[in-house]
Amino acid sequence: MKYISTRGQVAPIGFIDAILMGLADDGGLLVPTELPKLSAETLAAWQKLSYPELALELFTLFANDEIPRGELKQLVDASYATFRDAHVTPVRRIHDGLHVLELFHGPTFAFKDIALQFLGNLYGYIAKQRDATIHILGATSGDTGASAIEGVRGKEGIRICILHPHGKVSRVQELQMTTIADDNVLNLAVEGTFDDCQRIIKELFADVEFKHQYHLRAINSINIARILAQTVYYFYAYFRLADEGQAGAVNFSVPTGNFGDIFAGYLAKQMGLPVGKLILATNENNILERFVREGVYQPGEFRGTYSPSMDIQVASNFERYLYYLCGGDAAAVASYMNAFKQEGRIVIEGEKLAQVQADFAAYGVRNDECLDAIGGYYDQYGYLLDPHTACGVAATDAVAGEGEVTIALSTAHPAKFNEAIELRGITQSYPEQIQALFDKPQSQTVVDGTNDAVKSELLKFF
Ligand SMILES: *Cc1c(COP(=O)(O)O)cnc(C)c1O
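So, how was this worked out
- Residues numbered from 1 in each chain as written.
- Predicted model: local features only at pLDDT ≥ 70, side-chain atom pairs only at ≥ 80, totals over all residues.
- Heavy atoms only, no water.
- Pairing = 2+ DSSP bridges.
- Helix = DSSP H or I, 4+ residues; strand = E, 2+ residues; numbered from the N terminus.
- Axes fitted to C-alpha atoms, helices over the stretch in contact; angles between N-to-C directions.
- Contact = heavy atoms within 4.5 Å.
- Expected span 1.5 Å × (residues − 1).
- Buried < 20%, exposed > 50% of the residue type's maximum accessible area, 1.4 Å probe, protein only.
- UniProt positions renumbered as here; feature names shortened; annotations may be inferred.
- Near = heavy atom within 4 Å.
- Polar contact = N/O pair within 3.5 Å; in protein donor to acceptor, adjacent residues only side chain to side chain.
- Areas by Shrake-Rupley, 256 points an atom, 1.4 Å probe, with all protein chains shown as cover.
- Phe/Tyr/Trp six-rings, centres within 6.5 Å; stacked < 30°, edge-to-face > 60°.

Visitor: Looking at this structure, I do not really get the sheet that holds strand E14 (residues 406-410). What am I missing?
Guide: Within a sheet, each strand pairs with its neighbour through backbone hydrogen bonds, oriented either parallel or antiparallel. The six strands lie next to each other as E3-E4-E14-E9-E10-E13, forming an open sheet whose pairing is mixed. Each having just a single partner strand, strand E3 (91-95) and strand E13 (361-364) make up the two edges of the open sheet. When strand polarity is set aside, the average angle formed by the axes of neighbouring strands in this sheet is 25°. Here five bridges tie strand E9 (residues 250-255) to strand E10 (residues 275-282), and the two strands are oriented parallel to one another. Across the sheet, the residue bridging to Ser 253 is Ile 279, located in E10. Contacting E3, strand E4 (98-102), E9 and E14, helix H10 (residues 224-243) crosses the sheet at an angle of about 140° to E9.

Visitor: Just to check I follow, could you spell out helix H5 (residues 112-130) for this structure?
Guide: One full turn of an α-helix is made of 3.6 residues, so residues set three or four places apart face in the same direction. Taking 1.5 Å per residue, 19 residues should reach 27 Å; H5 reaches 26 Å between its end C-alpha atoms and fits that length. Buried residues dominate H5, accounting for 16 of its 19 residues.

Visitor: So what exactly am I meant to see when it comes to the UniProt feature "domain: Tryptophan synthase beta chain-like PALP" (unreviewed entry) in the protein chain here?
Guide: Taking the UniProt record as the reference, the feature "domain: Tryptophan synthase beta chain-like PALP" (unreviewed entry) is found at residues 101-400. Structurally, residues 101-400 is divided into 52% helix and 16% strand, and its ends, taken at the C-alpha atoms, are 17 Å apart.

Visitor: So what exactly am I meant to see when it comes to the site of the ligand here?
Guide: In the vicinity of the ligand, 15 residues are found, and the nearest of them are Lys 112, Asp 143, Gly 257, Asn 258 and Thr 411. For the ligand, an oxygen atom lies 2.6 Å from a polar atom in the side chain of Lys 112. The separation between an oxygen atom of the ligand and a polar main-chain atom of Asp 261 is 2.9 Å. Protein contacts shield 98% of the accessible area of the ligand, which totals 380 Å² for the unbound molecule.

Visitor: Would you mind going over the UniProt feature "domain: Threonine synthase N-terminal" (unreviewed entry) in the protein chain with me for this structure?
Guide: The UniProt entry lists residues 2-80 under the feature "domain: Threonine synthase N-terminal" (unreviewed entry), expressed in the numbering used here. Measuring from the first to the last C-alpha atom of residues 2-80 gives 26 Å, for a span that is 49% helix and 8% strand.

Visitor: Honestly, the packing of aromatic side chains in this entry has me stumped. Any pointers?
Guide: Each aromatic ring pair is specified by the distance between its two centres and by the angle formed by the two planes. Per the stated rule, a full pass over the model turns up 28 aromatic pairs. Ring centres 5.8 Å apart and planes at 25° place the aromatic pair Phe 263 and Tyr 266 in the stacked group. One end of the pair, Phe 263, and the other, Tyr 266, are both in helix H11 (residues 260-270), three residues apart, so they sit about a helical turn from each other. Of the residues examined, Phe 263 reaches a relative accessible area of 1% and is grouped as buried. A relative accessible area of 5% means that Tyr 266 is categorised as buried. Pairing Phe 461 with Phe 462 gives two aromatic rings, centres 5.5 Å apart and planes at 40°, and the pair type is tilted. Judged by its relative accessible area of 13%, Phe 461 falls in the buried class. By relative accessible area, which is 22% here, Phe 462 ends up partly exposed. One aromatic cluster is present, built from ring pairs that chain together Phe 259, Phe 263, Tyr 266, Phe 291, Tyr 297, Phe 318, Tyr 321, Tyr 323, Tyr 324, Phe 340 and Phe 360.

As structure tokens, then:
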């Protein structure tokens, strides 16, 4: 299997090269040339596998034998050995129609660890194999940064610089990133929003000369390895319900920001996993909800919400979906993206819009609905939702039909977002790893939101 760009101007490349390229050199995103179709027999066999075994099978399909199986197995095992739950991603029953897939048992208590523990180890492997220098540059709305730093801190041959919006991440997120003492880590706090951070790194990556000269590598979900790693838990969760006699399709509800996680679910469905509704949950930054309902993809005004990791207007992975929606027609994607650049919007109509609405059910959760879900589920079921998970659960309540079974993805531990939990008068106790952060010294550099300011800090660091 090879990887090509959604905009069609990159010659097919292998798995490792695709990971190293990150953003495609033509400004598009890399996608696999074909998707494996899994038979019922394969799915039945996979149902018996542990999480790391399942991850190994899925990565084997996408990695082209570029990494010998024994070594790939070591990378996978090391990546999931850091999780605190034996299932890695356990599924909890809330009631017959709703199960929560807990994705937050990794080192930084958010789902990003699932892909970034693996990607960190993969970069370590590539650095050794190819004797390559790896300089990671990433933007974060809070969780990716902590998770990426945790994935590579102290690793030889790797340096990492993370941009986050100054003062716009939760207290725990900020501490997780800025209390890491390893000297291969640089935190830049940018005066601006996450969209500013993301735009800056997208532009620096698009400067192919700069990118090559400084060996810049991506950890954002523009990196295809992230998406592939996130397909695993859709299968794993489906199998856990199947173990209990659930037959047929189940819905998945996904709190969405950059469209990465839900795109992984879309791929799992395309590969043959029996997925019913794929519920796209947004917060008040509901550009994606409007896209599914009306076919218009157009960033609006930034809204601060209780779920800051979803406070995103321009969803970087949206282009990958567009590619599949256009039946793999890269010229059509390039022309849509060009229109987006010129006019600030993309309009999808007719049969294509019908397809979008067949692929996703969307719901934008208002701030008060998010808090109500946190309070309501705590009172009724004794289960504490973090505000991102609460968006997915509230969206499920809004769009799942009678008798349907939904797995809602829980993307973070509530302790990461106590700001919202407190508002409902709920007192939680922090896990000890999070409690310990409050006593550690912080280090970060505040910069203004321009490419030049960031570039100059980068040059000093690399
Ligand atoms: C990143 C993140 C999301 C959004 O995931 P995307 O892949 O960007 O759609 C949702 N919840 C939490 C807690 C996150 O960290």
